[in-house]
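Spelled out from the first residue to the last, the chains are:
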Amino acid sequence: MAEDFARAVEDGLKLGKRIYMGKDRAVQPPKPLPLMERSMHFYLPSAPMVYAVISDPRIVDNPDIPSYQPHVHGRLDPPALIPLQMNGVNLDVDCYGDSAFVQVSGMWRVHCVMRSRSCDCRIAVPMGDEGSILGVEIDLPTKSYSTELIGVEESKGIQNIARPEDGQFLKPHIFTLTIPKIDGGTYISMKLHWSQKLSYNDGKFTLTVPFNFPDFVTPAIRQIPKKERIQLNVNSGIASGIVYQAVSHPFQESKRNGGHIGLLYEANVMTWSHTDLSFSYGVPSGNIFGGALLQSPSLYDIDQRDMFCICLFPGSQQGKKVFRKEVIFVVDISSSMRGRSLESTKNAINTALSKLSPEDSFNIIAFSDETFLYCTSMVLASEESIENASEWMSKEHCEGNGTNMLIPLQKAVEMLSSTPGSIPMVFLVTDGTVEDERKICEWMDKRMKNGGSLCPRIHTLGIGKFCNHHFLRMLAMLSRGEYGAACDLDTIDSQMQKLFSKGLSTILANITIDAFDDHEQIEVYSSCIPDLSSESPLTICGRCQGSFPDTLKAKGILGDLSNVIIDLKIEKVMNISLDKISARQQIDLLTAQAWFSENKQLEEKVAKLSIRTCNISEYSRMILLEKGKIERDTDTTEARKVPKKGDACKLLDSAEPKKILLQILTVGFGDLLATAENICPGSEEEILPEVAEMLNKATSNCCGRLCRHCCCLCCIRCCSKMSNQCSILLTQLCGAVACVGCSQLCALCCPQEG
């Protein structure tokens, strides 16, 4: 999808050369890169962008200065994407601890389409680290659009369903949305909302927001004023006396109060920002420290219990004692992992092995339908053994077609059952789904309850969209491990390195909060508190019924196996929305628990939280609301569509908005069929979820008779390219054939009944 998008933008830049902008140009016409310099990533958005979707090249022209255009025959399939020019942009960022909430407000113009014609416009929203889209608002002269989340059951009654390309994630961090039929020359006012994470390294938080605009979005006419504004507010929460550094834009400090900082940048510019917003601030502490934030719920909150958020910071002290490590890498080598996925995994494991100390030990277990061990016992991480392990991984193993995950996990935990003086770790990497996932979680849950002081931590990484990411998150949660995801193949190496670094740099393990054991009215979202790594702070969120404890102490085991107690200062806050900060974490953790327990009440809880906080979830769906505007005379109550020239009037929203249901935007709960077919991540074709579900049901009886040389997945792939009406007709036909098959079976079993 990303490659198709990039090619469409390249075609749009070529098409944009037809537009005549007059003699007073401020910038040159957009030019595609030379062949030797072309890169797919260059044409992907590096800042919020809007594109005109052009299927008919005859409509391309300057809406203000019509010019002679050579006649063009035919239509563009797929359509070209012409980047629209931007007339103004504001960026507002609020940072709370390690979370950032971003709003981009801008004005774009359809500068490339005749006034008498219209085109669809596609919005692209690139987000930062672990970005999550929160909403889009569009205002046009005659209409307005906005996104909204609704429950899954409510979504079933919506007839208008958007095509996949009209609302999807181009990449895990790039959200796109298409707005239909906007007239040439129209100004588009837009607000984009998303959340993302700040990275952490050696006591320093770093924020990076995509804000690098290409030259061709700058208006071509000199006289058009161009003003950009950035407002950055930082509230460190528990830490105080923060010092900021490495600022990308010339900010002016507008306010400072303890751990609160306000920065402002605004300027009239010739061209838009060519630099991402980058900002870093340090937390001045050399030791592990933490605190707790407490807040009462708002009146609109369904859950009226108090909210709390406990943060533990590793500090910036160099040379912290880390645990001696016993590490086993459990790697999926089934056929679907061939090529890029497996090569990236091997490279990341080699890098992780090089970071082990000579006193650490390791092993490698590869699995498909069989299990392969590098060694029958743990091996010290000497240079020779690491080199031998690298050679072993480079060999072609007998890759099978199955994915048997339980046996290698049990083997790994058994090998780590006796590891005194060290912290045992299992790094599980897979791209598939297995049928016994709940059985694996139940086994791990029992193992943790019956284990010793330092049970094996299972750190999980899911590759692609076919694995069950919620299972992997639950498995990591039960074992106090970390979870990572690489839905995009380009990020496999970086995500694995991030997971390995986090797990291998554990400085505080077996963390408990003293008041939680004696307070039955406290609910913690995570069933087990993970370990604290020097690579990132630890956040523990939850709710409390009644009075919250006056004092809190965090207990744990340090790398030298000594016990430590950390006093946590409790602070009641008013200017921080804890519900907003913890929403994404709460939804992810509760979704994993709802999947594991198959608890409908938890599913409903997640759905309500998702809708209220605008965070997408597995139990909610995103819709696009279209509201038409009418002109109303200020002196009368008569409403009319088209006002007369000179009449005093104002715009009002129409009563009934049109609802358009977008495709499912979440990763789902895995795909057993794709795993069984050993389809490689990244090579899958887009399948409409609704079509797939209908075909699976309709062809359950007839597939074996009619498609002896085919499979259901082939049918789904073929039929996913049909229109909705055609797919419904085919579904009815398959259902009829299935009924005929059932009738024949009944006739054979019960001849007297006919």
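Residues numbered from 1 in each chain as written. Predicted model: local features only at pLDDT ≥ 70, side-chain atom pairs only at ≥ 80, totals over all residues. Heavy atoms only, no water.

**Student:** Help me understand the overall build of the protein, please; the structure alone is not making it clear to me.
**Tutor:** Secondary structure summary: the protein contains 17 helices and 36 strands in total. For the protein, the residues scored as buried account for 52% of the 754 residues in total. Across the protein, the fraction of contacts at a sequence separation of at least 24, relative to all contacts at a separation of at least 6, is 77%. As presented, the protein carries roughly 34,800 Å² of accessible surface, and 51% of it is formed by carbon and sulfur atoms. (Helix = DSSP H or I, 4+ residues; strand = E, 2+ residues; numbered from the N terminus. Buried < 20%, exposed > 50% of the residue type's maximum accessible area, 1.4 Å probe, protein only. Contact = heavy atoms within 4.5 Å. Areas by Shrake-Rupley, 256 points an atom, 1.4 Å probe, with all protein chains shown as cover.)

**Student:** How should I be thinking about the pairing of strand 18 (residues 289-295) in this particular structure?
**Tutor:** Within a regular beta strand, the side chains point alternately toward one face of the sheet and then the other, so they alternate between its two faces. Here strand 18 lies mainly inside the structure; seven of its seven residues are buried. Of the two faces of strand 18, the one lined by Phe 289, Gly 291, Leu 293 and Gln 295 and the one lined by Gly 290, Ala 292 and Leu 294 are each fully buried. Sheet topology note: the strand 18/strand 32 (residues 563-572) ladder contains four bridges and is parallel. The residue of strand 32 that forms the bridge with Gly 291 is Lys 569. (Pairing = 2+ DSSP bridges.)

**Student:** So what exactly am I meant to see when it comes to the packing of aromatic side chains here?
**Tutor:** Two descriptors summarise a pair of aromatic rings, namely the distance from one centre to the other and the angle between the planes of the rings. Enumeration over the complete set of coordinates arrives at 19 aromatic pairs. Arranged with centres 5.4 Å apart and planes meeting at 40 degrees, the rings of Phe 308 and Phe 548 form a pair that is tilted. Of the two residues, Phe 308 is situated in strand 19 (residues 306-313) and Phe 548 in the loop between strand 30 (538-544) and strand 31 (552-558); the sequence distance between them amounts to 240 residues. Phe 548 sits in the buried class, given a relative accessible area of 10%. The interplanar angle of 20 degrees and the centroid separation of 5.6 Å between the aromatic rings of Phe 329 and Phe 427 together place this pair among those described as stacked. Of this pair, Phe 329 sits in strand 20 (residues 325-332) while Phe 427 is found in strand 24 (residues 423-430), placing the two residues 98 residues apart along the sequence. Owing to a relative accessible area of 1%, Phe 329 belongs among the buried residues under this scheme. (Phe/Tyr/Trp six-rings, centres within 6.5 Å; stacked < 30°, edge-to-face > 60°.)

**Student:** Mind showing me how you'd approach the nonpolar core here?
**Tutor:** If you look at the biggest cluster of nonpolar residues, it comprises 138 residues, and the most contacted ones within it are Val 93 and Phe 175. When residues in this core are grouped by element, the largest group, seven residues, is from helix 1 (residues 2-16). Beyond its immediate sequence surroundings of up to four residues, Phe 175 is in contact with Ile 123, Ala 124, Val 125, Met 127, Ile 133, Val 136, Gln 168, Phe 169, Met 622 and Leu 665. Listed in part, the 39 residues of the second largest apolar core include Ala 389, Phe 427, Leu 454 and Leu 489. (Core = buried A, V, L, I, M, F, W, Y, C linked by side-chain atoms within 4.5 Å.)

**Student:** Whenever I open this one, the confidence of the model for the protein confuses me. Can you help?
**Tutor:** In low-pLDDT segments, the atomic positions of the prediction should not be examined closely. Per-residue confidence for the protein averages 83 on the pLDDT scale, and 82% of its residues sit at or above 70. Across residues 684-724, where pLDDT falls below 50, the model places 57 contacts with residues more than four positions away in sequence or in other chains. (pLDDT = per-residue confidence, 0-100.)

**Student:** For this particular structure, what's the right way to read the packing of helix 8 (residues 469-478) against helix 11 (residues 578-597)?
**Tutor:** Each pair of packed helices can be summarised by the angle the axes make with each other and by the distance between the axes. Running from N to C, helix 8 and helix 11 point in directions that differ by 100 degrees, and their axes come no closer than 9 Å. Between helix 8 and helix 11, the angle falls in the class roughly perpendicular. Contact residues: His 470, Phe 471, Arg 473, Met 474 and Met 477 in helix 8; Asp 588, Leu 589, Thr 591, Ala 592, Gln 593, Trp 595 and Phe 596 in helix 11. Among the residues making up the contact of helix 8 with helix 11, the classes are represented as seven nonpolar, three polar and two charged. (Axes fitted to C-alpha atoms, helices over the stretch in contact; angles between N-to-C directions. Parallel < 35°, antiparallel > 145°, perpendicular 65-115°, else oblique. Nonpolar A, V, L, I, M, F, W, Y, C, P; charged D, E, K, R; others polar.)

**Student:** Is there a simple way to think about the sheet that holds strand 14 (residues 243-245) in this case?
**Tutor:** Backbone hydrogen bonds hold the strands of a sheet together, and the pairing may be parallel or antiparallel. Strands sit in the order 11-12-17-14 across an open sheet of four strands; the sheet is antiparallel. One side of each edge strand has no neighbouring strand; the edge strands of this open sheet are strand 11 (199-201) and strand 14. Neighbouring strand axes in the sheet, compared pairwise and without regard to direction, differ in orientation by 25 degrees on average. Pairing geometry for strand 11 and strand 12 (residues 204-209), over three bridges, is antiparallel. Across the sheet, residue Asn 201 finds its bridge partner in strand 12, namely Lys 204.

**Student:** Is there a simple way to explain the sheet that holds strand 8 (residues 167-171) in this structure?
**Tutor:** Read across the open sheet, the five strands follow the order 2-1-5-9-8; overall the sheet is antiparallel. The open sheet has two free edges, formed respectively by strand 2 (80-83) and strand 8, since each of these has just one partner strand. Each strand of the sheet is rotated relative to its neighbour by a mean of 35 degrees, with strand direction disregarded. With four bridges connecting them, strand 8 and strand 9 (residues 174-183) associate as antiparallel partners. Paired with Phe 169 across the strands is Phe 175, a residue of strand 9. Across the sheet, helix 1 touches strand 1 (49-54), strand 2, strand 5 (118-126) and strand 8, and the angle it forms with strand 2 is around 65 degrees.

**Student:** Can you walk me through unusual backbone geometry in this structure?
**Tutor:** Most peptide bonds take the trans configuration, and most residues that are not glycine carry a negative phi. Geometrically, the link from Asp 77 to Pro 78 is a cis peptide bond, its omega value of 5 degrees lying close to zero. With respect to the helices and strands, the residue Pro 78 is situated in the loop between strand 1 and strand 2. One non-glycine residue with positive phi stands out, namely Glu 130, at about 55 degrees. Tracing the backbone shows Glu 130 in the loop between strand 5 and strand 6 (132-139).

**Student:** Honestly, the environment of Arg 473 in this entry has me stumped. Any pointers?
**Tutor:** Tracing the sequence through the fold places Arg 473 in helix 8. In the structure, Arg 473 is positioned 10 residues away from Tyr 483 in sequence and 5.4 Å away in space, judged by C-alpha atoms.

**Student:** Would you mind going over the packing of helix 11 against helix 12 (residues 600-613) with me for this structure?
**Tutor:** Relative orientation of the contacting elements helix 11 and helix 12 amounts to 155 degrees, with a least axis distance of 9 Å. With respect to each other, helix 11 and helix 12 are oriented roughly antiparallel. The two elements helix 11 and helix 12 cross, and the hand of that crossing is left-handed. Seen from helix 11, the contacting residues are Asp 579, Ala 583, Gln 586, Ile 587, Leu 590, Thr 591, Gln 593, Ala 594 and Ser 597; seen from helix 12, they are Leu 602, Glu 603, Lys 605, Val 606, Leu 609, Ser 610, Arg 612 and Thr 613. Tallied by class, residues from the contact of helix 11 with helix 12 come to seven nonpolar, six polar and four charged. (Left-handed = near helix turned anticlockwise from the far one by under 90°.)

**Student:** Please clarify how the side chain of Asp 579 should be interpreted in this entry.
**Tutor:** Among the secondary structure elements, Asp 579 is positioned in helix 11. With sequence-adjacent residues up to four places away left out, Asp 579 is seen in contact with Gln 295, Asp 301, Met 307, Arg 543, Leu 609, Arg 612 and Thr 613.

**Student:** It is not clear to me how helix 11 should be interpreted in this structure. Could you clarify?
**Tutor:** In a regular helix each residue adds 1.5 Å, so 20 residues correspond to 28 Å; helix 11 covers 27 Å between its end C-alpha atoms and thus fits that length. If you look at helix 11, its biggest bend is around 40 degrees, right at Arg 584. With respect to burial, helix 11 is a largely interior element, 16 of its 20 residues being buried. In the stretch just after helix 11, Glu 598 is the one whose phi turns positive, near 55 degrees. (Expected span 1.5 Å × (residues − 1). Bend = angle between axes of the 7 residues up to and from the residue.)

**Student:** Teacher, can you tell me more about a negative patch on the surface here?
**Tutor:** A cluster of acidic side chains, namely Glu 383, Glu 384, Glu 387 and Glu 391, defines a negative patch on the protein surface. Topologically, Glu 383 is positioned in helix 5 (residues 383-394). The exposed category is assigned to Glu 383, whose relative accessible area is 73%. (Patch = residues over 30% accessible without salt bridge, like charges linked within 9 Å, V, L, I, M, F, W, Y side chains within 5 Å. Salt bridge = Lys/Arg side-chain N within 4 Å of Asp/Glu carboxyl O. Lys, Arg positive; Asp, Glu negative; His and termini not counted. Charge placed at Lys NZ, Arg CZ, Asp CG, Glu CD.)

**Student:** Would you mind showing me how to read helix 4 (residues 340-354) here?
**Tutor:** Since the α-helix turns once every 3.6 residues, residues separated by three or four places project in the same direction. The end-to-end C-alpha distance of helix 4 is 21 Å, a good match for the 21 Å that 15 residues give at a rise of 1.5 Å each. Turning to helix 4, its buried residues number three or more, namely Ser 341, Leu 342, Ser 344, Thr 345, Lys 346, Ala 348, Ile 349, Ala 352 and Leu 353. Of the surrounding secondary structure, the elements contacted by the buried residues of helix 4 are strand 20, strand 21 (361-367), helix 5, strand 24, strand 25 (457-463) and helix 9 (492-504).

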